[in-house]
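A closer look at the structure
Below are the chains, spelled out letter by letter.
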Amino acid sequence: MPKLIIANWKSNHTLESAQEWVEQMVDLLQEEQVVSNPEVAVAPPLPFLLSLREQLEGLGIKLATQDISTFEAGSYTGEVGAHNLLGLGVQYVLVGHSERRQLFGETHQEVALKAVKAVQAGIKPVICVDKPYFADQLEQLRQEFVEAGLEVASSDLLIAYEPIEAIGSGQGAALEQVRALMQEISTKLSKAKILYGGSVTAANVAEYLAVCDGVLVGGASLQAASFAEIIKQAAQEQSQSE
Ligand code: PGA
């Protein structure tokens, strides 16, 4: 199974610098041809999605978004719902990132509803959790899926373990801590794919990938060179473990 690497640009880049990033990536990944192993996705700020789409897809890089609305189509000024993303080639959406929870007060229920909306639209939600609340979050998720009449196999779920203190700190979580939480999560969702996020760089990505199914990369994805290096390290780790 290819590992999954998702770049989360958050609210960084201008259209111009985003386009430069893609141009540089085309050069940097030249010898890799098309990226397929690991699987790679980029979550840019929404307004850039369409203008980056063709080149990213040409590289084999998939499109992701950083959030989604809990609402259906309607009078919800400023919201972007799953239905608005249809036809844009979006394959993954992050839901419940800790910045959304902390800065925008997102609740477990909202996060679970976002995951439901994504699944209904055929987009894979990447459900971000941290240790203090992951059990409650997963329970809420189960409830919302049942309420929506959705049967979601745990093998279709993607959970991203992102310890708050590791995000943007330059200090990734200890491998033991990651391994322990992976185990706890998989006792509840035996077949879910579990990603790790928090200060992932080219220097530590191989270690994390050895214990989980993929990584979410914030800061180190903003420069094409460092993100390309992460992809290369991951490809190497993968070829060694096969
Ligand atoms: P970071 O961000 O890689 O900059 O720590 C990760 C994230 O917020 O998903």
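Residues numbered from 1 in each chain as written. Predicted model: local features only at pLDDT ≥ 70, side-chain atom pairs only at ≥ 80, totals over all residues. Heavy atoms only, no water.

**Let's talk about the overall build of the protein chain**
Which entries qualify depends on this criterion: We count a stretch as a helix when DSSP gives it H or I for four or more residues in a row; a strand needs E for two or more, and each element gets its number in order from the N terminus. Radius of gyration here is computed from C-alpha atoms only, and the compact-globule reference equals 2.2 Å multiplied by the residue count raised to the power 0.38. Methods summary: accessible areas were calculated by the Shrake-Rupley approach with a probe of 1.4 Å, and residue burial reflects only the protein chains presented. We score Asp and Glu as negative and Lys and Arg as positive, and we do not count His or the chain ends. For charged residues, the charge sits on one atom: NZ in Lys, CZ in Arg, CG in Asp, CD in Glu.
Within the protein chain, the regular secondary structure consists of 9 helices and 8 strands. The C-alpha radius of gyration computed for the protein chain amounts to 17 Å, which stays within 12% of the reference 18 Å derived for 242 residues, consistent with globular compactness. On the protein chain, roughly 11200 Å² of surface is accessible, and the fraction owed to carbon and sulfur atoms is 49%. Side chains of the protein chain carry 16 positive and 31 negative charges; the gap between the two charge centres is 5 Å.

**Some details on the site of the ligand**
Applied cut-off: The cutoff for a nearby residue is simple: one of its non-hydrogen atoms must lie within 4 Å of the molecule or strand. Any N or O atom pair separated by 3.5 Å or less is treated as a polar contact, with the protein-specific requirement of one donor-capable and one acceptor-capable atom, and with residues adjacent in sequence counted only for side-chain atom pairs. Each residue gets one label: Ala, Val, Leu, Ile, Met, Phe, Trp, Tyr, Cys and Pro are nonpolar, Asp, Glu, Lys and Arg are charged, and the others, such as Gly, are polar.
In the vicinity of the ligand, the contacting residues are Asn8, Lys10, His97, Glu162, Ala166, Ile167, Gly168, Gly198, Ser199, Val217, Gly218 and Gly219. The side chain of His97 places a nitrogen or oxygen atom 2.7 Å from an oxygen atom of the ligand. Partitioning the shell around the ligand into residue classes produces 3 nonpolar, 7 polar and 2 charged.

**Notes on the sheet that holds strand E6 (residues 158-161)**
Here is the rule: Between any two strands, at least two bridges found by DSSP are needed for them to pair. The axes are straight lines fitted to the C-alpha atoms, using for helices just the contacting stretch, and the angles between their N-to-C directions are given from 0 to 180°.
With respect to topology, 8 strands assemble into a closed barrel ordered E1-E2-E3-E4-E5-E6-E7-E8, the strand pairing being parallel. In this sheet, neighbouring strand axes are inclined to one another by 25° on average, regardless of whether the strands run parallel or antiparallel. Across 4 bridges, the pairing between E6 and strand E7 (residues 193-197) is parallel. Residue Leu158 lies in a different strand from E7, and its bridge partner there is Lys193.

**Quick word on the packing of aromatic side chains**
So the rule is basically this: Between rings of Phe, Tyr and Trp, where Trp is taken as its six-membered ring, a pair exists when centres lie within 6.5 Å; planes separated by under 30 degrees are stacked, by over 60 edge-to-face, and by other angles tilted. Think of it in three bands: residues with accessible area under 20% of the maximum for their type are buried, residues over 50% are exposed, and the middle band is partly exposed, with areas taken using a 1.4 Å probe on protein chains only. Only Lys NZ and Arg CZ are tested; either one counts as a charge over a ring when it is within 6 Å of the ring centre and within 35 degrees of the ring normal.
According to the stated counting rule, one finds 5 aromatic pairs in the structure shown. Arranged with centres 4.0 Å apart and planes meeting at 15°, the rings of Phe71 and Tyr76 form a pair that is stacked. For Tyr76, a relative accessible area of 35% gives the class partly exposed. Geometrically, the ring pair formed by Tyr196 and Tyr208 is stacked, given 4.2 Å between the ring centres and 25° between the ring planes. With Tyr196 in strand E7 and Tyr208 in helix H8 (residues 205-211), the pair connects residues that are 12 residues apart, well separated along the chain. Of the two residues, Tyr196 and Tyr208, neither departs from the other in class, the shared state being buried. In textbook terms, an aromatic cluster arises when at least three aromatic residues are bridged by ring pairs, as seen for Trp9, Trp21 and Phe227. It is Arg100 that lies over the ring of Phe104; its NZ or CZ is 4.0 Å from the centre.

**Some details on the environment of Gly89**
The criterion, for reference: Throughout, a residue-residue contact means that at least one pair of heavy atoms, one from each residue, lies within 4.5 Å.
Residue position: Gly89 is located in the loop between helix H3 (82-85) and strand E4 (90-95). Placed 70 residues apart in sequence, Gly89 and Ile159 show a C-alpha to C-alpha distance of 21 Å. Among all residues touching Gly89, those that are not within four sequence positions of it are Arg53, Glu57 and Leu63.

**Quick word on the layout of surface pockets**
Applied cut-off: Points on a 1 Å grid over protein atoms alone make up a cavity when a 1.4 Å probe fits among them but cannot get out, and a pocket when they form an open set with protein on both sides within 12 Å along at least five of seven lines; lining residues each have an atom within 4 Å of a point. Grid points are joined across faces, edges and corners, and a volume is the space filled by probe spheres set on the points.
One number sums up the size of the largest pocket: a volume of about 320 Å³. Lining the largest pocket are 16 residues, with Asn8, Lys10, Ser11, Gln66 and Arg100 sitting closest to its centre. A per-element tally of the lining of the largest pocket places helix H4 (residues 98-104) first, with 4 residues. Taken together, the residues of the lining of the largest pocket sort by class into 7 nonpolar, 5 polar and 4 charged.

**Some points on the pattern of salt bridges**
Quick reminder of the rule: A pair is scored as a salt bridge if a Lys or Arg side-chain nitrogen falls within 4 Å of a carboxyl oxygen belonging to Asp or Glu.
What the rule picks out here adds up to 11 salt bridges. In this structure, Lys10 engages Glu99 in a salt bridge whose closest nitrogen and oxygen atoms are separated by 2.8 Å. Separated by 89 residues along the polypeptide, Lys10 in the loop between strand E1 (4-8) and helix H1 (15-28) and Glu99 in helix H4 bring together distant segments of the chain. Among the residues examined, Lys10 registers a relative accessible area of 21% and is labelled partly exposed. Between Glu184 and Lys131 there is a salt bridge, with its nearest N and O atoms 3.0 Å apart. Here Lys131 lies in the loop between strand E5 (124-129) and helix H6 (134-147) and Glu184 lies in helix H7 (residues 175-188), a separation of 53 residues in the sequence.

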